[in-house]
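Results of the structural survey
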2 protein chains.
Amino acid sequence: MINLPQPLVLASRSPQRRAILTQLGIPFTVVEPGYVEVDPPGERPSELVITHAVGKARSVEGPWVLGVDTTVALDGDSLAKPADAAEAGAMLRRLAGRTHTVYSGLCLRCSEAEHVRLAATDVTFRDLTEPEIEWYLGEGEWRGRAGGYAVQGRGAALVTAIAGDYTNVVGLPVAVLVDAFAEAVAPADC
Amino acid sequence: MINLPQPLVLASRSPQRRAILTQLGIPFTVVEPGYVEVDPPGERPSELVITHAVGKARSVEGPWVLGVDTTVALDGDSLAKPADAAEAGAMLRRLAGRTHTVYSGLCLRCSEAEHVRLAATDVTFRDLTEPEIEWYLGEGEWRGRAGGYAVQGRGAALVTAIAGDYTNVVGLPVAVLVDAFAEAVAPADC
């Protein structure tokens, strides 16, 4: 159910995405995408992740290329990777006690054919005290993470519940990936 | 937010539970519980996991002992660990295309004081074809897993969505663990 006729090229720098493909037993190689993320004005978070996933997938050569982009959305804003601990702290204070949505765009490209999917998962944070936020910032896990947290690490202690695909919150939505694989190999168009 | 004044003793054989405590950075040691699981007649899955979590926690010595028990419930039945691949296949066929509930009972014991919690997470499986079930059984991951699947492994490909705490499905519900820790250290009763 998760096999492709030729090896997959993952167009991503993310160690989390590599970990999920490894967890699934999918053979792959990694090529860093030659794509500069510029947010087109007026695009919503759910649109931006598709734009960037397609851009990443098109920037890399290969029989099968996988591009993925993930963001954390709250009140229509996209919370990208924080620049420093202060910005990460401001994001965590904003997320505390509320439910936000994690969006991933996914593009499985096979030459001209592009199989594109969107995944959305709601994540509910517990109320956080200032000492709890300081503890989490001190762990350093916010670095390089959209929204300033890593659900697969210490960040699990910040979350009370999710609704949707958990792997999407980690950074690679497996449910839609399996769908895209099935669509891609069905007509043997590649 | 996840600190105890003295090291924790995990009363469990489960490598998944060890992995989650390590993920959270919680220091712990492991002692296998000297407790024989016998299901009292008439208890529901949500009651059984509490019974067994408390039994495990009471069977081990230590300043702080954590007992946890997890089961997969469908139509009022508890799907325990399958005895062989045939039973695992029957469980997967039953779970396919439907939503089941994973229950964990948790008991954090500090001498006489017992902090007990229940976690419930709904898990929705995709429709599964026979070749997909055969593929999953061939991976061997069903061994020792309630319900015959491991969501943190290849089993991620079987799941389309969850509602609730993901770590509960893995085997150690972090959201209620953090609550139990907070309750346990608040009055300094141990």
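Quick look at the structure, then.

Cut-offs used in this document
Residues numbered from 1 in each chain as written. Chains lettered and ligands numbered in written order. Predicted model: local features only at pLDDT ≥ 70, side-chain atom pairs only at ≥ 80, totals over all residues. Helix = DSSP H or I, 4+ residues; strand = E, 2+ residues; numbered from the N terminus. Rg over C-alpha atoms; globule rule 2.2 N^0.38 Å. Buried ≥ 20, exposed ≤ 12 C-beta atoms within 10 Å, placed from the backbone. Contact = placed C-beta atoms within 7 Å. Pairing = 2+ DSSP bridges. Core = buried A, V, L, I, M, F, W, Y, C linked by C-beta atoms within 7 Å. Least-squares fit on C-alpha atoms with pLDDT ≥ 70 in both. Expected span 1.5 Å × (residues − 1). Nonpolar A, V, L, I, M, F, W, Y, C, P; charged D, E, K, R; others polar. Axes fitted to C-alpha atoms, helices over the stretch in contact; angles between N-to-C directions. Parallel < 35°, antiparallel > 145°, perpendicular 65-115°, else oblique. Left-handed = near helix turned anticlockwise from the far one by under 90°.

Looking only at helices and strands, one finds 6 helices and 7 strands in chain A. Here chain A has a C-alpha radius of gyration of 17 Å; the compact-globule value for 190 residues is 16 Å, and the two agree. For chain A, with 190 residues in total, the buried portion stands at 45%. Long-range contacts, defined here as pairs at least 24 residues apart, represent 67% of the contacts in chain A between residues at least 6 apart.

Attention now moves to the pairing of strand β5 (residues 99-110) of chain A. All names here are of chain A. Bridge count between strand β3 (residues 64-74) and β5: 9 bridges; the pairing is antiparallel. Each residue of the ladder has a partner; that of Val-72, found in β5, is Val-102. Bridge count for β5 against strand β6 (residues 113-125) is 12 bridges, and the pairing is antiparallel. Looking across to β6, one finds that Leu-108 is bridged to His-115.

Formed by 111 residues in total, the largest nonpolar core has its most connected members in Val-174 of chain A together with Leu-66, Leu-106 and Val-174 of chain B. The biggest single contributor to this core is helix α6 (residues 174-185) of chain B, with 8 residues. When sequence neighbours within four positions are dropped, the list of residues in contact with Val-174 of chain B reads Ala-156 and Ala-157 of chain A together with Ile-20, Leu-24, Asp-165 and Thr-167 of chain B.

Here the focus is the relation of the copies chain B and chain A. Overlaying chain B with chain A gives an RMSD of 0.0 Å, the required rotation being 180° about an axis along which the chain moves by 0.0 Å. On this basis, the relationship between the two copies can be described by a two-fold rotation axis. Judged by C-alpha distance, Ala-163 of chain B is the residue of chain B that lies nearest the rotation axis, at 2.2 Å. With an isologous cut-off of 70% or more, the 100% of interface residues of chain B that recur at the interface of chain A puts this contact in the isologous class.

Now for α6 of chain B. Between its first and last C-alpha, α6 of chain B extends 16 Å over 12 residues, near the 16 Å set by a 1.5 Å rise per residue. All buried positions along α6 of chain B are accounted for by Val-174, Ala-175, Val-176, Leu-177, Val-178, Ala-180, Phe-181 and Ala-184 of chain B. Contacts from the buried residues of α6 of chain B go to β7 (159-164) of chain A together with α1 (15-24), β5 (99-110), β6 (113-125) and α5 (166-170) of chain B.

What follows is about the interface of chain B and chain A. Tallying the contact residues gives 23 residues for chain B and 23 residues for chain A. Elements supplying a minimum of two residues to the side of chain B that touches chain A: α1, α4 (130-139), β7 (159-164), α5 and α6 of chain B. In terms of residue count, β7 of chain B provides more of the side of chain B that touches chain A than any other element does, 6 residues in total. When grouped by side-chain class, the residues that make up the side of chain B that touches chain A number 14 nonpolar, 6 polar and 3 charged. As paired strands, β7 of chain A and β7 of chain B are joined by 3 bridges and run antiparallel to one another. Each residue of the ladder has a partner; that of Gly-164 of chain A, found in β7 of chain B, is Ile-162 of chain B.

The subject of this paragraph is helix α6 (residues 174-185) of chain A. Note that an α-helix has 3.6 residues per turn; residues three or four places apart therefore point the same way. Restricting attention to buried positions, one finds in α6 of chain A the residues Val-174, Ala-175, Val-176, Leu-177, Val-178, Phe-181 and Ala-184 of chain A. Tucked inside the fold, the buried residues of α6 of chain A contact α1 (15-24), β5, β6 and α5 (166-170) of chain A together with β7 of chain B.

Attention now moves to the packing of helix α3 (residues 85-95) of chain A against helix α4 (residues 130-139) of chain A. All names here are of chain A. α4 packs onto α3 with a crossing angle of 135° between their chain directions and a minimal axis gap of 10 Å. When the axis of α3 is compared with that of α4, the two are oblique. The two elements α3 and α4 meet at a crossing, and its hand is right-handed. Here α3 contributes Ala-85, Ala-88, Gly-89, Leu-92 and Arg-93 to the contact with α4, which in turn contributes Ile-133, Tyr-136 and Leu-137. A per-class count over the contact of α3 with α4 returns 6 nonpolar, 1 polar and 1 charged.

This paragraph deals with the pairing of β7 of chain B. Sheet analysis places β6 of chain B next to β7 of chain B, joined by 4 bridges and oriented antiparallel. Bridge pairing in β7 of chain B links Asp-122 of chain B to Ala-163 of chain B.

You can see Ala-57 of chain A is positioned in helix α2 (residues 45-58). Taking the C-beta count within 10 Å as the criterion, Ala-57 of chain A has 30 such neighbours and is therefore assigned buried.

Below, the discussion takes up unusual backbone geometry. A negative phi angle characterises most non-glycine residues, just as the trans form characterises most peptide bonds. All names here are of chain B. We note that Asp-75 has phi near 55°; this positive angle belongs to a residue other than glycine. On the basis of neighbour counts, which here come to 8 C-beta atoms within 10 Å, the residue Asp-75 falls in the exposed class. For Ser-111, which is not glycine, the phi torsion reads 50° and is therefore positive.

Here the focus is the environment of Glu-139 of chain B. Residues and elements named next belong to chain B. Relative to the assigned elements, Glu-139 resides in helix α4. A count of 14 C-beta atoms within 10 Å places Glu-139 in the partly exposed class. With 34 residues separating them in the primary sequence, Glu-139 and Gly-105 have C-alpha atoms 28 Å apart.

By secondary structure assignment, the location of Glu-130 of chain A is in helix α4. Spatially, the C-alpha atoms of Glu-130 of chain A and Gly-89 of chain A are 9.4 Å apart, while their sequence positions differ by 41 residues.

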